[in-house]
Amino acid sequence: KDNKSSSFDLDRWQRGGLTCFSQTCFADYWSDLLSMAEDDSQAAPISIDPYKFSHRMALGKCLIEHTGGEAVWGGRLSSSSKHWYYGYLAQLDWQRRSGRLQDPRTWNAQRDVQTAADSSKALSSFCNDDRISKSSWWGYMNLNFSVAVYCGASQAGLVPTIELSDPSVLQDLGFQECVEHWKKFWSTHHQDFIKAVVAASDQHVGDAAAATKKAALTTLYKHLWNTHTDVIVSGLAHAKELGQLLPREDRNAGLGWCKMVELLSAMSWTLLSLDNLSEFGIGYLPTVRLAGTETVDWIQDHRPKEYVTITNLTKLKDASPDAMKQICRFWSRVTNWDFQRESMPLTVDVLSHGNGLRKALALGRVLGLAMAPQSLVEAGLWVGFLSIAVAVGSALHNQTSL
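Rules used throughout
Residues numbered from 1 in each chain as written. Predicted model: local features only at pLDDT ≥ 70, side-chain atom pairs only at ≥ 80, totals over all residues. Heavy atoms only, no water. Helix = DSSP H or I, 4+ residues; strand = E, 2+ residues; numbered from the N terminus. Buried < 20%, exposed > 50% of the residue type's maximum accessible area, 1.4 Å probe, protein only. Contact = heavy atoms within 4.5 Å. Areas by Shrake-Rupley, 256 points an atom, 1.4 Å probe, with all protein chains shown as cover. Axes fitted to C-alpha atoms, helices over the stretch in contact; angles between N-to-C directions. Parallel < 35°, antiparallel > 145°, perpendicular 65-115°, else oblique. Left-handed = near helix turned anticlockwise from the far one by under 90°. Nonpolar A, V, L, I, M, F, W, Y, C, P; charged D, E, K, R; others polar. Phe/Tyr/Trp six-rings, centres within 6.5 Å; stacked < 30°, edge-to-face > 60°.

Caption draft 1: Local environment of the overall build of the protein. In terms of helices and strands, the protein carries 19 helices and 2 strands. For the protein, the residues scored as buried account for 48% of the 402 residues in total. A fraction of 76% describes how many contacts in the protein between residues 6 or more apart in sequence connect residues 24 or more apart. Carbon together with sulfur atoms contributes 55% to the accessible area of the protein, which is approximately 19300 Å² in total.

Here it is as structure tokens:
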């Protein structure tokens, strides 16, 4: 199923509704990626250039192939299309296509707008550069979600060892911290998940097995978001100078992007697999780097859904810690209902891009779910409040009747 023939359509990739691997962003290069197979245990470790897009993607492909197999991750599009790491690789692909892995000091808003305006198809491959600049803030942050995550898995004994062609990466304190974060995740939480899934397959059948696997996956994602948060914190602490190289507009969006993990964690988001991305879409992240106000204006005029994303990311960046706690608490209550959590991509899309009526209906739905009692204690309180309200209403009615 992972064939090389590609029919990639950027708009459809954002929107969703894909039916085969060849329609995804990966099809153009997936079969050409460096092979990480370990045929000879005595062979020297494979040399990886951490500042090559294709090498980072090859590490990701190897992670997917070595951390569970078809029995765990087999899905609709491929033998591994239910694996959560596809969501991270889709982010890497977006960063490259939008030119964010290049040196921000070379960005030019007028030139970028002209390139994007020349042809709508140009947006699908706005940037095809395999090199990742050491001056790229996005490139550094992704280093910790591509190379560090692989090194953590390697230290946990799950994937072949590698040798980095640029040893300076190993000296970076932020990178070292992130390797440890990922090592803990792979050696504990991920292994616990694999054991739970295997045990469910051996001990249960039908609905019972599916329920056990679903619960295990939800737990895995909980630990994944915690690890993701730790990696973001470590990365940001060591990327301040790189952040200052970014144009203000892209820096604000990037810092908002970092806060997204808080919302995803609060929502217990479990939809990073390739099957999920293909069904619901990757969303409307800005397909052109924000090199200045000219770029933002062009996106507002020609890619309005992406402009909404830029606005929302900037608001997230500016949200205070208390505001973020309130927002997360609200969405946590909404998604405490399984049926709503599984339909969150559709809900978010309607709230962000729907017409007035659809937005009003969706908002009413989530407000109702947030207010609904979610425990016996809350149900008791609700009954008590309603009883008091009825009693007060009856007393007022009797008083007015007199």
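Caption draft 2: Spatial organisation of the packing of helix 4 (residues 86–97) against helix 6 (residues 137–155). For the pair helix 4 and helix 6, interaxial distance at closest approach is 11 Å and the crossing angle is 160°. With respect to their mutual orientation, helix 4 and helix 6 come out roughly antiparallel. By crossing handedness, the relation of helix 4 to helix 6 is classed as left-handed. Across from Tyr 88, Leu 92, Trp 94 and Gln 95 in helix 4, the residues of helix 6 making contact are Trp 138, Asn 142 and Phe 145. Counted by class, the contact of helix 4 with helix 6 contains 5 nonpolar, 2 polar and no charged residues.

Caption draft 3: How the structure looks around the packing of aromatic side chains. Per the stated rule, a full pass over the model turns up 26 aromatic pairs. Between Tyr 221 and Trp 225, the ring centres sit 6.3 Å apart and the planes meet at 45°, which makes this aromatic pair tilted. Of this pair, Tyr 221 and Trp 225 both sit in helix 9 (residues 206–237), 4 residues apart, which is roughly one turn of the helix. Trp 225 shares its class with Tyr 221; the two are buried.

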